[in-house]
Amino acid sequence: MSFEKSPLNRRTLLKVGAVTPFAAAGVGALGMGLALADDSPAPSGGDTAVVDRDLARTNTVETQGASENNPELNGAAAKHVAGYVTMAAATWPADIDAPDVVEFQGQDINTGDWGDWLSAELMTDIEENASEAVWVGPSSAVNVRAFRDGIDISEQLTAHLITTSESRSDVRLASSGSGSGITRILPATVTPGTGAPTFITREEWSAGTVNTSRLSYAKELKAICIHHTGGSNTYTAAQSPQVVRGMFTYHTKTLGWADLGYNVVVDKYGQIFEGRAGGLHRNVAGAHARGFNTGSCGISVMGDYMDIPVPTAALNAIATVAAWKLASTFTQDVYGTETWTVTTSNVKRSGTFSMPHLFAHRDVNYTDCPGDTYYGQLPKLRSLVQQKLNGFKERYPEHLVAYVNGGGRGAFGTVTHVRRAEGAYDVTRLTGGLILTAGGRTSAHKSAFGADWTSAWGRPLESTTGTTQRFENGTATRANGRVTFTPQKNTTSPSAEGVTGAIGAFYVSNGGATEFGAPQDAEFRIDGGYQQKFARSTISWHPATGAYDTRNAIGNKWDSLGATGSRLGFPTSRERVLSDGGFAQSFRNGQIVWSRATGAVTVSEAILHYWNKLGAEKSWLKYPARDPFAGLRNGGSSQFFQGGIVLHDAKNGKTFAVKGAIRGVYVRENFERGSLGYPASEEVPVKGGVYQAFENGQRVYWSRATGARIIKNGFLTYWLHRGGEKSTLGFPTTDEFKDSRGRIVQDFQGGRLTWDPKRRSVAFTRRS
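Worth saying up front: this structure is predicted, and the values here are computed from it rather than measured. (Residues numbered from 1 in each chain as written. Predicted model: local features only at pLDDT ≥ 70, side-chain atom pairs only at ≥ 80, totals over all residues. Heavy atoms only, no water.)

Caption draft 1: Region of the structure containing the sheet that holds strand S27 (residues 576-577). Taken in spatial order, the four strands make up an open sheet running S27-S28-S29-S30, and their pairing is antiparallel. Each having just a single partner strand, S27 and strand S30 (599-604) make up the two edges of the open sheet. When strand S29 (residues 590-595) meets S30, the two strands line up antiparallel, connected through six bridges. Across the sheet, residue Trp 594 finds its bridge partner in S30, namely Ala 600. (Pairing = 2+ DSSP bridges. Helix = DSSP H or I, 4+ residues; strand = E, 2+ residues; numbered from the N terminus.)

Below you can see the structure in the form of structure tokens.
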């Protein structure tokens, strides 16, 4: 893993052999009687210490054991440093070339055995001249070796021997997981809002204080950047907090960075650690990918995943965090892209270009991070993230709906603070607005005061990006770069002039002019109800339905059909979010469903009931692709969906769908007016294939080897009596046809059936 350098570099402040304690060292159970490499006592109680050792002044010893990545180094000499240590890193002077490999080997403090050689990630893509810190486990000594072009250059390095200690809370944190890969809910430094994963906060893993003035924030989250830390995979769940504290100390005290480089750290057990300070609810700029720190969230998994996969628990936890960060900033598609402009030198990508919403460190910097095997898991990770994005939209859609309906990025800008509780409100703050939920009502507002708003101001009473804005409890003003708020109870409802009755009550209770726009005319009677037009929507009321608004593509579709005078009638709900970024709205006699691929399409009652029973857009039918067609035989109707065709037999009140190869046969046979009639069943699985029954007593059978074939009447009865597809006949390979003698025949995998009109019977001829 590599990081971008902070403006302040404190390496020049370090002295060879000096100990740099993270906090005042004490004496703990594990460290009792143990000494560091400079003979100072070992830290305890969650404290961390660093001893810096000039390897040119350190003994060389012969070692045994090859590293997995460098088997040719078996038996090579190494620098040996005695003293209690749990992690190790190295730096080298700026005026020499970087090594090709830096490796560490720890001596187990209990058994005296030497462990595996561990390769450290090199920060060669930046000017840091350092390796990442490697967890070697509780060790009584460490061996260090480095090579460039096959030559030992160990004596040119400074080793940083990091010693962590166990905090009282470490074991409790490790034992609190639910087995789902997500830790229990913990008191957060700043509590993120609805839908956030539970995580171990900086306070819980005992992070030190940082100078927050050195932190910076992005106006938008463009992507998730995936990393691994490198080093050992042998840590226990209870040791994970020590690893995070060790990285924090190394990054801040040795390398002089403002804070831990990553925004989020996940261990192999699925424990999620809050990384860099500033709050997970904000777009905190990290130090994890040169040129791409501002606008990305760096999520790193502890360990080396060059040759082994990231465990399922960890992958699920990473996907959960990534999905929450993307969804709460209103990114709905992990496969989508954002534009980046990078002018930094020494990076893989520079200039202006597009990057996906989830990419790996190696995609943008010169590094192997996050490891070859983990990199191969990214398609699976993206799929997991998309699944969780879809679930997030279903569970917590209110702010997304308000954002989209209000005009999206063009109206409100980008998210700077994701949804979280502030006073009596759930708040999403944007560069150009606020989205507020309280008392069961969500409303979106254009506002230039998103960063300054407090719950004491109340909701905005107008939508504006000007220098003055009225709120329920006063007026905010920006002048000469300063914001002032003048308290004053505003009793005027938001632009409610000319909006009365049930429509007026709906208008005011759901955000007024901010949500719907200003009234364009007075309400008027229509089709047994009332309607009123607004700048961004239409509100309709009927005594049987109540008042609801229509707008955007769904509203336009409804209007084109005849609105309240159409077969759909009055609306019975507001728009709601579906999977994959779709929307739906219910009416008295059906729905209108919109997706990016299909546009706005109506769904009638009988077909709607069937579609919902299957799982609606999440079923194999997916979204409706065309409006229903009502001109079928006996008053029936049909509708094309992305995954098949649904047919409703009005005479018998039955609805079924046809799909795939069977659908192709059905279309060829002229739908319900052909020889098959209406479908009479769903597809039924059989060994090696499926079949579907139809109204006229016929079936269509399909197998991968034979395709879809119709079996009619007498042949079907004979074939089923012999055992169907399980018999020696197997699946049909043709439909019925007439042979050269004019006989009706049908071929099967195991032979031919022939209809004898004189005997009125079926004859079987085995395939030779």
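There's more to say after this.
Caption draft 2: Region of the structure containing the packing of helix H3 (residues 312-327) against helix H5 (residues 378-395). Direction vectors running N to C along H3 and H5 enclose 50°, while the axes themselves pass 8 Å from each other. Looking at the two axes, H3 sits oblique to H5. Classified by chirality, the crossing of H5 by H3 is right-handed. Contacts between H3 and H5 involve Leu 315, Asn 316, Ile 318, Ala 319, Thr 320, Ala 322, Ala 323, Trp 324, Leu 326 and Ala 327 on the former and, on the latter, Lys 380, Leu 381, Leu 384, Val 385, Lys 388, Leu 389 and Phe 392. Grouping the constituent residues of the contact of H3 with H5 by class yields 13 nonpolar, two polar and two charged. (Axes fitted to C-alpha atoms, helices over the stretch in contact; angles between N-to-C directions. Parallel < 35°, antiparallel > 145°, perpendicular 65-115°, else oblique. Left-handed = near helix turned anticlockwise from the far one by under 90°. Contact = heavy atoms within 4.5 Å. Nonpolar A, V, L, I, M, F, W, Y, C, P; charged D, E, K, R; others polar.)

Caption draft 3: Broad picture of the packing of aromatic side chains. Inspection of every chain in the model, using the stated rule, returns 29 aromatic pairs. An angle of 70° between the planes, with centres 6.4 Å apart, marks the rings of Phe 471 and Phe 485 as edge-to-face. Highlighted residues: Phe 471 in strand S20 (residues 468-471) and Phe 485 in strand S22 (residues 482-487), separated in sequence by 14 residues. For Phe 471, a relative accessible area of 0% puts it in the buried group. (Phe/Tyr/Trp six-rings, centres within 6.5 Å; stacked < 30°, edge-to-face > 60°. Buried < 20%, exposed > 50% of the residue type's maximum accessible area, 1.4 Å probe, protein only.)

Caption draft 4: Quick peek at the sheet that holds strand S15 (residues 358-360). Taken in spatial order, the five strands line up as S11-S10-S12-S9-S15 in an open sheet, and their pairing is mixed. The open sheet terminates on both sides in strands that have one partner only, identified here as strand S11 (272-274) and S15. With strand direction ignored, the average angle separating the axes of adjacent strands in the sheet is 25°. Pairing between strand S9 (residues 223-228) and S15: three bridges, direction parallel. What sits directly across from Cys 225, in S15, is Phe 359. Packed onto the sheet, H5 meets S9 and S15 and runs at close to 155° relative to S15.

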